[in-house]
Amino acid sequence: MEKESGQDSVLMINSKRLKIIKIFLKKNYIENYKIKEIKGDASFRKYFRIYLKNKSYVLASAEQEKKSNILNYIQINKFLNKEGINAPKVIDYNYKNGLALLEDFGDKTYLQLIKRSKNKFYVYQSLIRYLIKLQRINFRTNIFRFKKYNFSILKKEIDLFFIWYLPHIIEIKNNSQIKKLRQLLLSILKNNFIYNNCFVHRDFHVSNMMQYKNDSKNKIGVIDTQDALIGSRAYDVLSLIDDVRIKTSYELKQKLLNYYLLLAKKEKNFNIKQFKKEFSILSVQRAMKIIGIFSRLFKRDKKNRYLKLIPYTWTILNKRLEDPIFKEVRVIINQQIKLRSKNVN
């Protein structure tokens, strides 16, 4: 084994873990390789690129939450591949040690493509068409039993905003208005029925979409599938349009939404009125969840690089709060949370 040189590739991993990885790779006839850590995501997983002669692989490593980070990921990827969706194929895995050896899609994300593109709408169109394909798959399978995106999960996610963000920017103890704010949001989620009838990636944004070559053709690949469940078809659409990692104009967001609707209205049982209602409600829920997650990553996990994304997430949230259904919510937020671009300390 040879560690790849360069400052970005220093392996932040202890010798005991490295030995476990070495044994696992040897079992797959991978020796005399170079290993480089790939810049990680917001989870407990670590990823490594394994270089062997003229081939490369991706190694996923999770010492915590192995079920969601390894087992679910493997089973969902197998399911997606069977349904004709390009997710990294699993070469081998060791659940006990939290390791999975995966097909390598390369490092060209759609985030990079869109940032470089002069015609962002054109690039996004291909992702929206792919999303329509993803939403058509039959999720009733014996490969993996998906959870439903029910009220309990939505509540748990929106509470991240109240637990991990608000206490660090304002005084919430004995604050009746903040208590009312939470009750209003939960009431909106509970009293507006959301159809859980579609496969939801749950993190369908441009950083998780890859462009890779297969048989000399450019293909779209999807990664980070382990949190997928069955929920509203609006969720992945708004994840793509309201992506907090890349700033886009409101005009482009509307253009993308209209393009999706143009395609989706041809789909079986598509209800545009229901979709728009779910899009509006879930866009607010998701933005608040993200602010809470980024704050938790800083306070609990000591990862501060996501704090810079909070102000733009607030920009998105403020715009989505303009829907009349959030009138009371908007009034309380305007009164109670003055510094909405403020990061946690």
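Residues numbered from 1 in each chain as written. Predicted model: local features only at pLDDT ≥ 70, side-chain atom pairs only at ≥ 80, totals over all residues. Heavy atoms only, no water.

The full count for this structure, using the stated rule, is 15 aromatic pairs. A ring pair is formed by F79 and F199, whose centres lie 6.2 Å apart and whose planes are at 40°; its orientation type is tilted. Here F199 lies in strand β7 (residues 198–200) and F79 lies in helix α2 (residues 66–82), a separation of 120 residues in the sequence. The burial state of F79 is the same as that of F199; both residues are buried. Their ring planes at 25° and their centres at 5.3 Å tell us that Y260 and F275 sit as a pair that is stacked. Of this pair, Y260 sits in helix α8 (residues 250–264) while F275 sits in helix α9 (residues 272–299), placing them 15 residues apart in sequence. Assigned by exposure class, Y260 and F275 land together as buried. In textbook terms, an aromatic cluster arises when at least three aromatic residues are bridged by ring pairs, as seen for F161, F162, Y165 and W314. Over the ring of Y149 we find R202; its NZ or CZ atom is 5.0 Å from the centre of that ring. Positioned above the aromatic ring of Y250 is the side chain of K319, whose terminal nitrogen or guanidinium carbon lies 4.3 Å from the ring centre. (Phe/Tyr/Trp six-rings, centres within 6.5 Å; stacked < 30°, edge-to-face > 60°. Helix = DSSP H or I, 4+ residues; strand = E, 2+ residues; numbered from the N terminus. Buried < 20%, exposed > 50% of the residue type's maximum accessible area, 1.4 Å probe, protein only. Lys NZ or Arg CZ within 6 Å of the ring centre and 35° of its normal.)

With 15 residues, α8 extends 21 Å from end C-alpha to end C-alpha; this agrees with the ideal 21 Å at 1.5 Å per step. Restricting attention to buried positions, one finds in α8 the residues L252, K253, L256, L257, Y259, Y260, L261, L263 and A264. Looking at the buried side of α8, the elements it contacts are α4 (120–135), α7 (233–241), α9 and α10 (310–320). (Expected span 1.5 Å × (residues − 1). Contact = heavy atoms within 4.5 Å.)

In this section: the packing of helix α6 (residues 176–191) against α9. Contact pair α6 / α9: the axes reach a minimum separation of 11 Å and the direction vectors enclose 135°. As the angle between them shows, α6 and α9 are arranged oblique. For the pair α6 and α9, the sense of crossing is left-handed. In contact with L185, I188 and L189 of α6, α9 contributes I281, V284, Q285 and M288. (Axes fitted to C-alpha atoms, helices over the stretch in contact; angles between N-to-C directions. Parallel < 35°, antiparallel > 145°, perpendicular 65-115°, else oblique. Left-handed = near helix turned anticlockwise from the far one by under 90°.)

Any functional reading would require information that these geometric values do not contain.
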